[in-house]
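One letter stands for each residue in the lines below.
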Amino acid sequence: MKENQDNKMDKIVSLCKRRGFVFQGSEIYGGLKGTWDLGPLGVALNNNIKREWWKMFVDGREDMYGLDAAILMNEKVWEASGHTGAGFSDPVVVCNACGTRHRADHVLKENGKTGVDGLTLEQFQMKFKSGADIICPKCQKRDWGEVKNFNLMFETQVGAEGDMKSYLRPETAQGIFVNFKNVVDSMSPKLPFGIAQVGKAFRNEIAPREFLFRVREFEQMEIEYFVEEKDWQEEFEKLHLDIKAWHAHLGLKDENIREYEVPENDLAHYSKRTIDFEYNYPGKGFDELAGFAYRTDHDLKSHEEASGVKMRYTPAEGVPFIPHVLEPSFGVGRAFTAVLAEAYTEDEMGGEIRTYLKLPIHLAPYKVAVSPLLKNKPELVAKAREVFVSLKKEFGNVAWDDNGNVGKRYRRQDEIGTPYCIVIDFDTLGEENPNLKDTVTIRHRDTGEQERVHISELISKLT
Ligand code: ATP
């Protein structure tokens, strides 16, 4: 079973490369570990995921405000948030036998140890010193160096003099916190309300791996939802349901999602409750897809103390106070991987094995492909172009496909998840049967079934 699943991930990665979804970053120079580039179809799927998220969490609600903060921020932001210290470091350990650098917590977990997440650096050091039973996942030996803290932020200099330090942001969340006052002053929101942001984040991961799962440059979709302290549990439950609805909207099956309630002794010091939403990735098993944390008033309080600027909400009656915050945090790349894993399907059609992506229609890179039955018949091509142009004007993501025969086109479109293929044939021209004039066939990806539809009905049929 595991072997099949490993194999499934390999097939997905190879499909992604072959069909223009995902390429290795800087590939012609041998790549850059932990970076991937999205090809034409990948950027379409990725944008669809982000657009649907924005529709559901921002445009679809009255209590959310969008934001797009700068990636580079004053270094004081990261001091106040605790990212420059040990708080945003991973414990790293080198295997003296094979020279591989590992994350110490991952090695312990792979050795079956539990209660690992809340350990201090000293506790990690103790475990590896006394750990005759901890073997290297790569070479199976037991010869460890000293565990050290490694900060995950990419540092950079700002300006020609390079006299000011900054960082590529490791999360989008702090951009939201530092703009809390700006949003309150400009929009006068009523509590509870949220600020949402989608954007790039960068982490110098010790061991980037598993395709898009752990990379050094990725995108996040994050919300900081501000509440009164007394309401946090009630609002937590509501957002919890919204997160589940989002995963269903991505087409992820319930059985492939698991919620991990982070035990109290593993919680970050400021968090009173955290749930990790895990997905059952092929060849990997359940691991984090998204996080959901109650972060108390920790972040706004820290920024108020460090900046001297009041980060308060003033109720209609009463005194200004620092709201508490709930944080749903989603990785776009992990959603992208989960969507592909869920959609990847092999079945038998017409006596052949076919591979197709059973993507939800709202996520598919192309909604529909249009083609003339034969490429060398100008009258068919002209009619097909007419249909293509009108659908493209309406939907935008419409493919023109006249390569090879119709069977090959269907396979190709199946493989990239296009839900519908439209073919313009001689009947469309009404040459033999005038009743069929201006009708086309629509072929459905999942069933392979075809139906005949009048061109004038196409837009409503596909909407
Ligand atoms: P992990 O424990 O897997 O390292 P995390 O708990 O550090 O993740 P958060 O800081 O909560 O992750 O970030 C929120 C979300 O951002 C994660 O749920 C994940 O979807 C995404 N994410 C975090 N780090 C990476 C990464 N290196 N590559 C891809 N996505 C990431």
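Residues numbered from 1 in each chain as written. Predicted model: local features only at pLDDT ≥ 70, side-chain atom pairs only at ≥ 80, totals over all residues. Heavy atoms only, no water.

A. Expanded view of the site of the ligand. As a matter of local geometry, the ligand sits amid 15 residues, with Glu 205, Arg 214, Val 215, Glu 288 and Leu 289 nearest to it. Between an oxygen atom of the ligand and a main-chain N or O atom of Leu 289, the distance comes to 2.9 Å. Between an oxygen atom of the ligand and a main-chain N or O atom of Gly 331, the distance comes to 3.0 Å. Protein chains bury 80% of the 590 Å² of accessible surface belonging to the ligand in isolation. Secondary structure elements with two or more residues in the shell around the ligand: strand E10 (217-227), strand E13 (285-294) and strand E14 (324-331). The element that contributes the greatest number of residues to the shell around the ligand is E13, accounting for 4 residues. When its residues are assigned to classes, the shell around the ligand shows 6 nonpolar, 4 polar and 5 charged. (Near = heavy atom within 4 Å. Polar contact = N/O pair within 3.5 Å; in protein donor to acceptor, adjacent residues only side chain to side chain. Areas by Shrake-Rupley, 256 points an atom, 1.4 Å probe, with all protein chains shown as cover. Helix = DSSP H or I, 4+ residues; strand = E, 2+ residues; numbered from the N terminus. Nonpolar A, V, L, I, M, F, W, Y, C, P; charged D, E, K, R; others polar.)

B. How the structure looks around helix H5 (residues 121-130). Listed in full, the buried residues belonging to H5 are Phe 124, Gln 125 and Phe 128. Relative to the axis of H5, the buried residues are bounded by an arc of 100° and lie together on one face. For H5, the exposed residues set more than 90 degrees away from the buried face come down to Glu 122, Met 126, Lys 129 and Ser 130. Residues of H5 that are buried make contact with strand E4 (89-94) and helix H4 (104-110). (Buried < 20%, exposed > 50% of the residue type's maximum accessible area, 1.4 Å probe, protein only. Arc of directions from axis to C-beta. Contact = heavy atoms within 4.5 Å.)

C. The arrangement of the domain arrangement of the protein chain in detail. Along its sequence, the protein chain is organised into domain 1 (2-75 + 171-341), domain 2 (90-151) and domain 3 (366-462). When each unit is reduced to the centre of its C-alpha atoms, the spacing between domain 1 and domain 2 is 28 Å. On the domain 2 side, the residues contacting the 7 residues of domain 1 number 12 residues. Roughly 730 Å² is buried in total at the junction of domain 1 and domain 2, and carbon and sulfur atoms are behind 54% of that figure. Counting the surface domain 1 buries against domain 2, the share from its top three residues, Ile 206, Arg 209 and Asp 266, is 66%. With a shortest N-O distance of 3.8 Å, Arg 103 and Glu 205 are connected by a salt bridge. Looking at the side of domain 1 that touches domain 2 residue by residue, the classes come out as 1 nonpolar, 2 polar and 4 charged. (Domains from an automatic or database assignment. Buried area = accessible area lost by both parts, 1.4 Å probe. Salt bridge = Lys/Arg side-chain N within 4 Å of Asp/Glu carboxyl O.)

D. A look at the nonpolar core. Ranked by internal contacts, the top residues of the largest apolar core, which has 54 residues, are Phe 21, Ile 49, Trp 53 and Leu 326. Top contributing element to this core by residue count: helix H10 (residues 332-343), with 8 residues. Contacts of Ile 49, omitting those with residues within four sequence positions, involve Met 221, Trp 246, Leu 250, Val 332, Ala 335, Phe 336, Val 339 and Leu 363. (Core = buried A, V, L, I, M, F, W, Y, C linked by side-chain atoms within 4.5 Å.)

E. Structural view of the pairing of E4. E4 sits mainly inside the fold: 5 of its 6 residues count as buried. Both E4 and strand E6 (residues 148-151) contribute to a ladder of 4 bridges, which runs antiparallel. Paired with Val 92 across the strands is Lys 148, a residue of E6. (Pairing = 2+ DSSP bridges.)

F. Structural view of the pattern of salt bridges. Under the criterion given, the structure shown has 42 salt bridges. Across the pair Glu 237 and Arg 273 runs a salt bridge, and its minimum N-O distance is 3.3 Å. Residue Glu 237 is located in helix H8 (residues 232-249), and its partner Arg 273 is located in strand E12 (residues 273-281); the two are separated by 36 residues in the primary sequence. The class of Glu 237 is partly exposed, set by a relative accessible area of 39%. The closest approach of N and O atoms between Glu 278 and Arg 258, which form a salt bridge, is 2.9 Å. With Glu 278 in strand E12 and Arg 258 in strand E11 (residues 257-261), the pair connects residues that are 20 residues apart, well separated along the chain. The class for Glu 278 is buried, based on a relative accessible area of 9%.

G. Representation of the pairing of E14. Of all 8 residues in E14, 8 are buried, a share of seventy percent or more. Residues His 324, Leu 326, Pro 328 and Phe 330 point to one face of E14 and Val 325, Glu 327, Ser 329 and Gly 331 to the other, with burial holding for every one of them. Across 6 bridges, E10 lies against E14 in antiparallel orientation. When the bridges of E14 are listed, Gln 220 appears paired with Gly 331. Of the strand pairs in this sheet, E13 and E14 are connected by 5 bridges, and their pairing is antiparallel. If you follow Ala 293 over to E14, its bridge partner there is Glu 327.

H. Summary view of H8. Over its 18 residues, H8 extends 25 Å from the first C-alpha to the last, a length consistent with the 26 Å expected when each residue adds 1.5 Å. Inspection of H8 places Trp 232, Glu 235, Phe 236, Leu 239, His 240, Ile 243, Trp 246 and His 247 among the buried residues, and these make up the whole buried set. Buried residues in H8, looked at end-on, bunch into an arc of 145°, giving them a common side. In H8, the exposed positions that point more than 90 degrees away from the buried face belong to Leu 241 and Ala 248. Here the buried face of H8 lies against helix H2 (40-59), E10, E11, E12, E13 and E14. At the C-terminal side of H8, Gly 251 shows a positive phi close to 85°. (Expected span 1.5 Å × (residues − 1).)

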